[in-house]
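Residue strings, one per chain:
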Amino acid sequence: MPERSEGEAVAELAKRRGFFFGAAGAYGGVGGFYTYGPQGASLKRNVEDAWRERFAIEEGNLEIDGPTVMPEPVFEASGHLDGFDDMLVECPQCGESHRADHLIEDATGVEEAESLPIPEVEALIEEHDLACPNCGAPLAGEAVKEFNLMFGTTIGPGSSTPGYLRPETAQGIFVEFPRLKEYARNRLPFGVTQIGRAYRNEISPRKSLVRTREFTQAELEQFVDPERDEPDLSAVADVAVRLYPATEQTDDDGSIVDTTIGEAVADGVIGDAWVGYFLGVASEWYDSVGVDMDRFRFRQHLAGERAHYAADCWDAEAEVDGDWIEIAGFAYRGSYDLSKHAEHAADDFTVFRQYDEPKTVETAVVDPDMSVLGPEFGGAAADVADALQDLAERDPSAFEGSEVTVEAGDTEYAVPTDVANFRVEEQTESGEHVTPHVVEPSFGVDRTVYTLVAHAMRTDEVDGETRTYLDLSPTVAPTDVGVFPLVSNVEDLTERADELVADLRAAGFSVVHDDSGSIGRRYRRQDEVGTPFCVTVDRDGLEGDGPDSVTVRERDSAAQVRVPIDDLVSVLLDLRAGVRTFDDVLDAYDPVSPGAEA
């Protein structure tokens, strides 16, 4: 029987132990939608809480929770209606739709095929004789089309306002900027975070949680003054990172660059200090939650795949089952987002920048005589007046003659200069309005969960038996502690175990109480879902000469130590927080020989 791949092992464990599985299986299921079971929901929530702690609370950023449905004008302004597309090719025989770039990447040595133009993608399909994965029919000569990934809906009954499920959480932050800047006291820099669901109508969902149609994002939009604000790089300058710059990707002999954030920014490998700062913070965070940093890198976007408004963009990638999957993106988006919404919305998307000292400036103004413009131009008079002001600001010399010509709508209007009342005034200004630039770290929560499970899978031998366990960080493990009575039908052991469960839950631990099967089987069940510590109540601990005690077992080493019940909560709190290691606890208390409790 062939050995299972890592992806197959993750999928089997995830389904059997309640991490995640395909949704609506009773109705045949539907691609791209997953349900998180009890273990997975807890793991996912812990990942979100750890992200919130680092990127919202520790950074001092705001957090919002916006709607997942927004009206069509939001996505007209953002550009999603016109440019949020993937490349689709349809099988002429079975009608199955496929992502053309994925077919190329899977069957050839071409990487990042999504950055290629459609004619080149069509040529690669023909050159490599690519066939439909579903029925085997040839796809050469079939048209590759752009397919918009937005899920459409209507807001209200009938043919009311058209809307869309959000394809990212970012737009919910951008559209609320006029109010959010007030909560930040109109001072840059400030950040706004959001954790929530997003939706993309993927052509061909695949690889479990890697590509789904409904997923969770954790995003931070950092609003900065491009001329004044710089991050404190000293906080992350020494963070070691593995980078895969665009120059290395296009070089036949290119390779990973091992460096530090400080060196990469100083050398220009990372083009923006803010992006460098968040790469450093993210690297430390991924390490803290349990990503295997030997299977992790930051890859810079190639020119063809980078959004036109992004000055620099990097992906955090993790290796799973031989493939590198994107688990986060870091982009310097400039002023694009706020400027686009400012063009379409009736609100102010700027922040007032105070000068160090007031400035006296000359300003060109007009004060049109509306008693003349009104009778002369009728309903166009107001537009003509606005056009005169725009022209005055843009080209004051246009008012040097006896007449000035402006365009309003599709019509040109000639206005006597004396009717325009043009003049140059001296004004004192205390500041100016600036459109902030945006730096965006965007994390895929589901892909992070998938990566953590894959990277945590271990196999070893305990008590002569093969054991599978998840080496999950206590920060994110679904359950903190398993509590067992050594013998399930002994009343005093069961009652004491129940009391411990209540005490530990009151102290903030996630606890499972298991009295089914042998103690070894119970340990194995908790090992397989990543529970870091197990507590066993036995007669030796309750009937000895000293204070009542229990055994505490560490998951990874399977080592056990006897701890007084009065110390149990504090010991487990220290272990979970990393204040003490299990070796420290072994030194402080009496180790237990394997099998001695039985």
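Note that the structure is a prediction, hence the values are computed from the model and not measured.

Asks: Any chance you could explain the overall build of the chain here in plain terms?
Replies: A count of helical and extended segments in the chain gives 21 helices and 29 strands. Taken along its principal axes, the extent of the C-alpha atoms in the chain is 110 × 65 × 55 Å. Here the chain, with 598 residues, has 49% of them falling under the buried criterion. In the chain, the share of contacts with a sequence separation of at least 24, taken over all contacts with a separation of at least 6, comes to 67%. Accessible surface, the chain: about 28100 Å² in total, of which carbon and sulfur atoms supply 44%. Averaged over its 48 positive side-chain charges, the chain has a centre that lies 8 Å from the centre of its 122 negative ones.

Asks: I tried to follow the nonpolar core on my own but got confused; where do I start?
Replies: A general trend in soluble globular proteins is that nonpolar side chains are found buried together. If you look at the biggest cluster of nonpolar residues, it comprises 63 residues, and the most contacted ones within it are Ile261, Ile270, Trp285, Tyr286, Phe298, Phe330 and Phe443. Among the elements that make up this core, the one with the highest residue count is helix α11 (residues 273-289) (11 residues).

Asks: What exactly am I supposed to notice about a negative patch on the surface here?
Replies: On the surface, a cluster of negative charge is made up of Asp383, Asp386, Asp390 and Glu393. You can see Glu393 is positioned in helix α14 (residues 381-394). A residue is classified by how much of its surface remains accessible, and Glu393, at 56% relative accessible area, is exposed.

Asks: When you look at the packing of helix α2 (residues 38-57) against α11 in this model, what are you seeing that I'm missing?
Replies: Any two packed helices are characterised by the angle at which their axes cross and by the distance between the axes. Relative to each other, α2 and α11 sit at 145 degrees, their axes nearing to 11 Å. Between α2 and α11 the crossing geometry is right-handed. When α2 is examined against α11, the residues Val47, Ala50, Trp51, Arg54 and Phe55 are found in contact with a partner set consisting of Tyr277, Val281, Ala282, Trp285 and Val289. A breakdown of the residues in the contact of α2 with α11 according to their chemical character gives nine nonpolar, no polar and one charged.

Asks: It is not clear to me how the pattern of salt bridges should be interpreted in this structure. Could you clarify?
Replies: Any two side chains of opposite charge can pair, on the condition that their charged atoms come close. Throughout the structure, instances matching the rule amount to 47 salt bridges. When the shortest N-O distance is used, the salt bridge between Arg353 and Glu432 registers 3.0 Å. Note that Arg353 is positioned in strand β17 (residues 351-366) and Glu432 in strand β20 (residues 422-434), a separation of 79 residues in sequence. Relative accessible area serves as the criterion here: at 9%, Arg353 is assigned to the buried category. Since its relative accessible area comes to 31%, Glu432 is described here as partly exposed. In this structure, Arg555 and Asp556 form a salt bridge, with 2.6 Å as the shortest nitrogen-oxygen distance. Relative accessible area serves as the criterion here: at 4%, Arg555 is assigned to the buried category. Note on Asp556: relative accessible area 27%, which makes it partly exposed.

Cut-off values and rules
- Residues numbered from 1 in each chain as written.
- Predicted model: local features only at pLDDT ≥ 70, side-chain atom pairs only at ≥ 80, totals over all residues.
- Heavy atoms only, no water.
- Helix = DSSP H or I, 4+ residues; strand = E, 2+ residues; numbered from the N terminus.
- Buried < 20%, exposed > 50% of the residue type's maximum accessible area, 1.4 Å probe, protein only.
- Contact = heavy atoms within 4.5 Å.
- Areas by Shrake-Rupley, 256 points an atom, 1.4 Å probe, with all protein chains shown as cover.
- Lys, Arg positive; Asp, Glu negative; His and termini not counted.
- Charge placed at Lys NZ, Arg CZ, Asp CG, Glu CD.
- Core = buried A, V, L, I, M, F, W, Y, C linked by side-chain atoms within 4.5 Å.
- Patch = residues over 30% accessible without salt bridge, like charges linked within 9 Å, V, L, I, M, F, W, Y side chains within 5 Å.
- Salt bridge = Lys/Arg side-chain N within 4 Å of Asp/Glu carboxyl O.
- Axes fitted to C-alpha atoms, helices over the stretch in contact; angles between N-to-C directions.
- Left-handed = near helix turned anticlockwise from the far one by under 90°.
- Nonpolar A, V, L, I, M, F, W, Y, C, P; charged D, E, K, R; others polar.

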